[in-house]
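Overview (structure and organization)
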Amino acid sequence: MPAPGTFGHTFYIETFGCQMNVHDSEKVAGVLMGRGLEAVEDPEQADIILYNTCSIREKAAQKVFSRLGAFKKKHGDKLIGVLGCVAQQEGEKFFERAPQVGLVCGSASYSRLPELLDQLKAGKRRVTGLDLDTDECFETEITRRDNPFRAYLTIIEGCDKACSYCVVPTTRGPERSRPADRILEECRRLVDGGYSEIQLLGQTVNSWRDSSPLRLSFAGLLARVAKIPGLKRVRFTTSHPRDFTPEIIEAIDTYPALCDQIHLPVQCGSDAVLKRMRRTYTRDEYLEKIDWIRAARREMSISTDIIVGFCGETEDDFEQTLSLLDRVEYDQVFSFKYSPRPKTAAGDWADDVPDVEKGRRLTELQERQRQIQIRRNQALIGREFEVLVEGYQPRLGQAVGRTTSNRVVNFAGEAEWVGRYLEVRVTAAGPNSLVGERIGPRGDGGAGYGC
Ligand code: 5AD
Ligand code: SF4
């Protein structure tokens, strides 16, 4: 460990977990760079190593401990900071586990990071930011954005729901919404800076409430963002079914910049399990919202999250989740085995579905969903879509594009196409992506190839 106050000026951040964490790391990097520190891509060259951690499931939480174990052997001279959900959960215990750890800070205290860094610079060996009792959002003057096409923007932090299996309310604290005027100002700045796609983030993004004089609803905010000239795509995630309103669909139908994509986690198809999960809706109430989405004038793609093997989940409960998959026909499903977490309500309940059975249910669910996705994607063969080219694979000579509905389309292309919006026709389909061919440019598809 470096002598107090003597650590150098380069830092490296490794991020685990969700998009919120990815974006938090971008903001943390911005704060550090604003104070004269330099970001490096190689941990070997860094004086400060930061781990932005995730504790949503046991396996994710373990990652930081294995990093610290490996680290101990390699470099004794660096300063380590542990950020994010595991930092919040384990707190000062990190100092015992790894002597190089000098900073432990949960996301609700990130606005204190400059002050904590100053304390380290002034010679303090160990500093913590673990207070959850905050009404502040993490505002940064500089954010280092890592994705050249899609700018993430957090509009609400924390979570006030109390799903019985979930650590987020205890690791991220209570809900804090950023005021609409600040959000709109940042969106305009991002568009001026060249971004054409913005993704609004929040653990429960549609529970956002406006404290600005504008007093916008969430749907009203979407409309205002979508109207910003130059902005082509607006996504938002994650929506909670309880706060999902028909006005959101109306906004998507009205403003083309709002993407044809909704992520609406259901978690389970059985009312008995939903009740124990404390999700605050029934299967029928959830399905009613799906029916609103399906009744939209625009064809919407819907994705979800599902947990299998939650406490007391019977075979019949699981069958109801499978039947929900058939009923909704999702375009994408993120599915997980239930993992008991400390300081959650369900953490004290019997984790009574054996791991092999959880594994069997997960495989069965994923196979059922795979068939649905193959069917849905094959129905798109021959259709034409606009894609944003996000990458290029030189070995295959293929461009990788994304539709507004969040589908990936691979097509023969050129490296220069990256960053452009192009029209493609779908020629083949697998469960997770489409194959296409470029067709003539339409609208503002950028400089034409072959025209
Ligand atoms: N075990 C398994 N999956 C979980 N998730 C949240 N908590 C747990 C847990 N304890 C899943 C939910 C959530 C997604 C981000 O992670 O499906 O929507
Ligand atoms: Fe966790 Fe539920 Fe909040 Fe989502 S809504 S972050 S699952 S507590």
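Remember, predicted model here, so these are calculated numbers, not experimental data. (Residues numbered from 1 in each chain as written. Chains lettered and ligands numbered in written order. Predicted model: local features only at pLDDT ≥ 70, side-chain atom pairs only at ≥ 80, totals over all residues. Heavy atoms only, no water.)

**With respect to the overall build of the protein chain**
Each helix and strand in the protein chain was counted, giving 13 helices and 19 strands. In terms of overall dimensions, the protein chain is globule-like: its C-alpha atoms have a radius of gyration of 23 Å, near the 22 Å expected for 451 residues. In the protein chain, buried positions account for 55% of the 451 residues. Partitioning the contacts of the protein chain with sequence separation of at least 6, the portion at a separation of at least 24 is 73%. Of the side chains in the protein chain, 63 bear a positive and 66 a negative charge, and the two mean positions are spaced by 1 Å. (Helix = DSSP H or I, 4+ residues; strand = E, 2+ residues; numbered from the N terminus. Rg over C-alpha atoms; globule rule 2.2 N^0.38 Å. Buried < 20%, exposed > 50% of the residue type's maximum accessible area, 1.4 Å probe, protein only. Contact = heavy atoms within 4.5 Å. Lys, Arg positive; Asp, Glu negative; His and termini not counted. Charge placed at Lys NZ, Arg CZ, Asp CG, Glu CD.)

**A few points about the sheet that holds strand β19 (residues 434-438)**
Taken in spatial order, the 5 strands line up as β15-β16-β17-β19-β18 and close into a barrel, and their pairing is mixed. Between one strand axis and the next, the sheet turns through 50° on average, direction left out of account. Direction of pairing for strand β17 (residues 408-412) relative to β19: parallel, over a ladder of 3 bridges. Residue Phe411 lies in a different strand from β19, and its bridge partner there is Gly436. (Pairing = 2+ DSSP bridges. Axes fitted to C-alpha atoms, helices over the stretch in contact; angles between N-to-C directions.)

**Here's the deal with helix α7 (residues 180-192)**
If you check α7, its first and last C-alpha atoms are 18 Å apart, about what 13 residues at 1.5 Å a residue would give, namely 18 Å. When we look at burial in α7, the residues that qualify are Ala180, Ile183, Leu184, Glu186, Cys187, Leu190 and Val191. When α7 is viewed along its axis, its buried side chains cluster within an angular range of 160° and face the same direction. The secondary structure elements touched by the buried residues of α7 are β7 (150-154), β10 (197-201) and α8 (218-226). Just past α7, the residue Gly194 takes up positive phi, approximately 105°. (Expected span 1.5 Å × (residues − 1). Arc of directions from axis to C-beta.)

**Notes on a negative patch on the surface**
A contiguous patch of negative charge on the surface is contributed by Asp131, Asp133, Asp135 and Glu136. With respect to the helices and strands, the residue Asp133 is situated in the loop between β6 (127-129) and β7. Using a relative accessible area of 72% as the deciding quantity, one classes Asp133 as exposed. (Patch = residues over 30% accessible without salt bridge, like charges linked within 9 Å, V, L, I, M, F, W, Y side chains within 5 Å. Areas by Shrake-Rupley, 256 points an atom, 1.4 Å probe, with all protein chains shown as cover. Salt bridge = Lys/Arg side-chain N within 4 Å of Asp/Glu carboxyl O.)

**Focus: the packing of helix α12 (residues 315-328) against helix α13 (residues 355-378)**
As a packed pair, α12 and α13 sit with axes 10 Å apart at the nearest point and diverge in direction by 15°. It follows that α12 is roughly parallel to α13 by the angle criterion. For the pair α12 and α13, the crossing hand works out as right-handed. Facing α12, whose interface residues are Glu315, Phe318, Thr321, Leu322, Leu325 and Asp326, α13 presents Glu357, Arg360, Arg361, Glu364, Leu365, Arg368, Gln369 and Ile372. Taken together, the residues of the contact of α12 with α13 sort by class into 5 nonpolar, 2 polar and 7 charged. (Parallel < 35°, antiparallel > 145°, perpendicular 65-115°, else oblique. Left-handed = near helix turned anticlockwise from the far one by under 90°. Nonpolar A, V, L, I, M, F, W, Y, C, P; charged D, E, K, R; others polar.)

**Let's talk about the environment of Asp160**
Position of Asp160 among the secondary structure elements: in the loop between β8 (156-157) and α6 (168-172). Each C-alpha atom of the pair Asp160 and Ser405 lies 29 Å from the other, and the pair is 245 residues apart in sequence. The residues contacting Asp160, other than those within four sequence positions of it, are Pro174 and Glu175. In terms of polar contacts, Asp160 uses its side chain to reach the backbone amide nitrogen of Glu175, at 3.0 Å. (Polar contact = N/O pair within 3.5 Å; in protein donor to acceptor, adjacent residues only side chain to side chain.)

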